[in-house]
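# Remarks on the overall topology
Listed below are the residues making up each chain.
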Amino acid sequence: GAGVSQSPSNKVTEKGKDVELRCDPISGHTALYWYRQSLGQGLEFLIYFQGNSAPDKSGLPSDRFSAERTGGSVSTLTIQRTQQEDSAVYLCASSLAGLPGEQFFGPGTRLTVL
Amino acid sequence: EDKVVQSPLSLVVHEGDTVTLNCSYEVTNFRSLLWYKQEKKAPTFLFMLTSSGIEKKSGRLSSILDKKELFSILNITATQTGDSAVYLCAVEKTGANNLFFGTGTRLTVIP
């Protein structure tokens with residue numbers, strides 16, 4: 001596609017349920033990033049994938065959060081046993097390898113945990 | 001600890017006003033500073049600054065970086081209602097995989 005796409009655009013779930021968020025990066029972009037933006041806050045880095053290298057998971061806030069990237073393209077972010085503090089907009093971005101300063105962002109998924 | 005601080009947190013102006021948004025940073029291994037505009041969800045790229053004192057300009061928007069005093073400003077002249085958005089500042093560090101963001105400045109332009 002022309003840009004980064006994410007689905008769903010909105011997700012409402014009950015506390016304790018698992019959710020999966022999907023990101024489809026720009027074709028040819030080998031680097032993929034997940035960020036979280038809580039209300040009134042800046043973007044908080046979660047995880048980074050580059051090609052077939054081991055991901056940089058240093059930003060994941062707890063072991064309830066995990067992500068995978070299949071075939072070097074689509075990525076899914078999974079949050080298990082969701083909590084109310086997980087409510088946020090989850091943004092995905094992609095870039096060419098080694099160029100984090102040239103990330104293109106997707107429209108995000110707004111997650112609401114009731 | 002790395003810090004990116006933006007001010008003001010929010011700003012309300014009238015159409016036609018000029019605004020200046022501030023971003024100060026304290027990071028190791030600084031590589032570049034970026035400005036984004038976030039209207040709904042997806043931040044859109046405005047500027048990347050790597051060198052001190054060189055103004056980057058795009059229409060009514062301009063930005064400059066001061067690497068000695070560790071800050072950048074984003075200027076918007078003759079503001080329009082379409083400029084209403086959250087403006088995010090981010091820093092890229094050498095050797096880091098991600099960008100470090102400030103909390104943003106919410107700009108509201110009133111007709």
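Residues numbered from 1 in each chain as written. Chains lettered and ligands numbered in written order. Predicted model: local features only at pLDDT ≥ 70, side-chain atom pairs only at ≥ 80, totals over all residues. Heavy atoms only, no water.

## A short note on the overall build of chain B
Operational definition: The numbering of helices and of strands both runs from the N terminus, where a helix is a DSSP run of H or I of at least 4 residues and a strand a run of E of at least 2. Radius of gyration means the value over C-alpha atoms here, while the globule rule gives 2.2 Å times the residue count to the 0.38 power. Throughout this description, buried means an accessible area under 20% of the type-specific maximum (1.4 Å probe, protein chains only), exposed means over 50%, and partly exposed covers the range between.
In terms of regular secondary structure, chain B is built from 0 helices and 11 strands. The secondary structure elements of chain B, listed N-terminal to C-terminal, are β-β-β-β-β-β-β-β-β-β-β. Relative to the 2.2 N^0.38 estimate, which gives 13 Å for 111 residues, the radius of gyration of chain B is 13 Å and therefore close to what a compact globule would have. With the C-alpha coordinates of chain B rotated into their principal frame, the extents come out at 45 × 30 × 20 Å. Here chain B, with 111 residues, has 45% of them falling under the buried criterion.

## Description of the overall build of chain A
Applicable threshold: Any two residues having at least one pair of non-hydrogen atoms within 4.5 Å are treated as being in contact. Here the Shrake-Rupley method, with its probe set to 1.4 Å, supplies the accessible areas, and only the displayed protein chains count as covering residues. The sign given to each residue is positive for Lys and Arg and negative for Asp and Glu; His and the chain ends receive no count. Charged side chains are reduced to one point each, which is NZ for Lys, CZ for Arg, CG for Asp and CD for Glu.
In terms of regular secondary structure, chain A is built from 0 helices and 10 strands. What you see in chain A, going N to C, is helices and strands ordered as β-β-β-β-β-β-β-β-β-β. For a compact globule of 114 residues, the expected C-alpha radius of gyration is about 13 Å, and chain A comes in at 13 Å, within 12% of that figure. In terms of overall dimensions, chain A has a C-alpha envelope of 35 × 25 × 25 Å along the principal axes. A sequence separation of at least 24 residues applies to 56% of the contacts in chain A between residues at least 6 apart. Taken as a whole, chain A presents about 5,300 Å² of accessible surface, with 48% of it coming from carbon and sulfur. Taking the average place of the 10 positive charges on the side chains of chain A and the average place of its 11 negative ones, the gap between the two points comes to 4 Å.

## Re the side chain of S75 of chain A
Residue and element names in this part refer to chain A. Quick reminder of the rule: Here a polar contact means two N or O atoms within 3.5 Å. Within protein one must be a hydrogen donor candidate and the other an acceptor candidate, and residues neighboring in sequence count only if both atoms are side-chain atoms.
Locating S75 in the fold gives a position in strand β7 (residues 75-79). A distance of 2.9 Å separates a polar atom in the side chain of S75 from the backbone oxygen of E68. With residues near it in sequence (within four places) discarded, S75 still touches L21, R22, C23, L32, W34, F49, E68 and R69.

## Topic: the pairing of strand β1 (residues 3-7) of chain B
Residue and element names in this part refer to chain B. Selection criterion: What makes two strands pair is DSSP finding at least two bridges between them.
A one-sided burial pattern is seen for β1, the buried positions being V4 and Q6 and the unburied ones K3, V5 and S7. Inspection of the sheet shows β1 paired to strand β3 (residues 19-26) by 5 bridges, in the antiparallel sense. Bridge pairing in β3 places V4 opposite Y25.

## Section: the interface of chain B and chain A
How we decide: Summed over both partners, buried area is the accessible surface (1.4 Å probe) that two parts give up on being assembled. Definition used for salt bridges: Asp or Glu carboxyl oxygen within 4 Å of a side-chain nitrogen of Lys or Arg. Throughout this entry, Asp, Glu, Lys and Arg are counted as charged residues, while Ala, Val, Leu, Ile, Met, Phe, Trp, Tyr, Cys and Pro are counted as nonpolar. The remaining residues, Gly among them, count as polar.
Taken together, the contact pairs 17 residues of chain B with 24 residues of chain A. When chain B packs against chain A, close to 1,600 Å² is buried across both sides, 55% of that on carbon and sulfur atoms. Its largest share of buried area at the contact with chain A, chain B owes to K41, N97 and F101 of chain B, together 39% of the area lost on that side. The tally of links between chain B and chain A comes to 0 salt bridges. At the surface where chain B touches chain A, the tally comes to 3 residue pairs in polar contact (both at pLDDT 80 or more). Taken together, the elements giving at least two residues each to the side of chain B that touches chain A come down to β4 (30-38), β5 (43-49), β9 (85-93) and β10 (99-101) of chain B. Per element, the largest residue contribution to the side of chain B that touches chain A is 4 residues, and it comes from β4 of chain B. Grouping the constituent residues of the side of chain B that touches chain A by class yields 9 nonpolar, 5 polar and 3 charged.

## A few points about the environment of M48 of chain B
In this structure, M48 of chain B sits in strand β5. A C-alpha to C-alpha distance of 5.7 Å links M48 of chain B and L33 of chain B, two positions 15 residues apart in sequence. Apart from the residues lying within four places of it in its own chain, the contact partners of M48 of chain B are G101 and E102 of chain A together with S32, L33, L34, K56 and E92 of chain B.

## Description of the sheet that holds strand β6 (residues 56-58) of chain B
Residue and element names in this part refer to chain B. Note the threshold: Each axis is a line fitted through C-alpha atoms, and for a helix only the stretch in contact is used; angles between axes span 0 to 180 degrees, taken between their N-to-C directions.
In spatial order, the strands read β1-β3-β8-β7-β6; together these 5 strands make up an open sheet with antiparallel pairing. Looking at which strands have only one partner, the edges of the open sheet turn out to be β1 and β6. On average, adjacent strands in this sheet sit at an angle of 15° to one another, irrespective of strand direction. Relative to strand β8 (residues 71-76), β3 is paired through 6 bridges, and the arrangement is antiparallel. Considered in β8, the bridge of L21 is made with L74.

## Observations concerning the sheet that holds β7 of chain A
Across a sheet, strands are paired by hydrogen bonds formed along the backbone, either parallel or antiparallel in direction. Residues and elements named next belong to chain A. In space, the 4 strands of this open sheet follow the order β1-β3-β7-β6, with antiparallel pairing throughout. Of all strands in the sheet, those with a lone pairing partner are β1 (5-7) and β6 (65-69), marking the two edges. Strand-to-strand twist across the sheet, computed as the mean angle between neighbouring axes with direction ignored, equals 15°. When β1 meets strand β3 (residues 19-24), the two strands line up antiparallel, connected through 3 bridges. When the bridges of β3 are listed, Q6 appears paired with C23.

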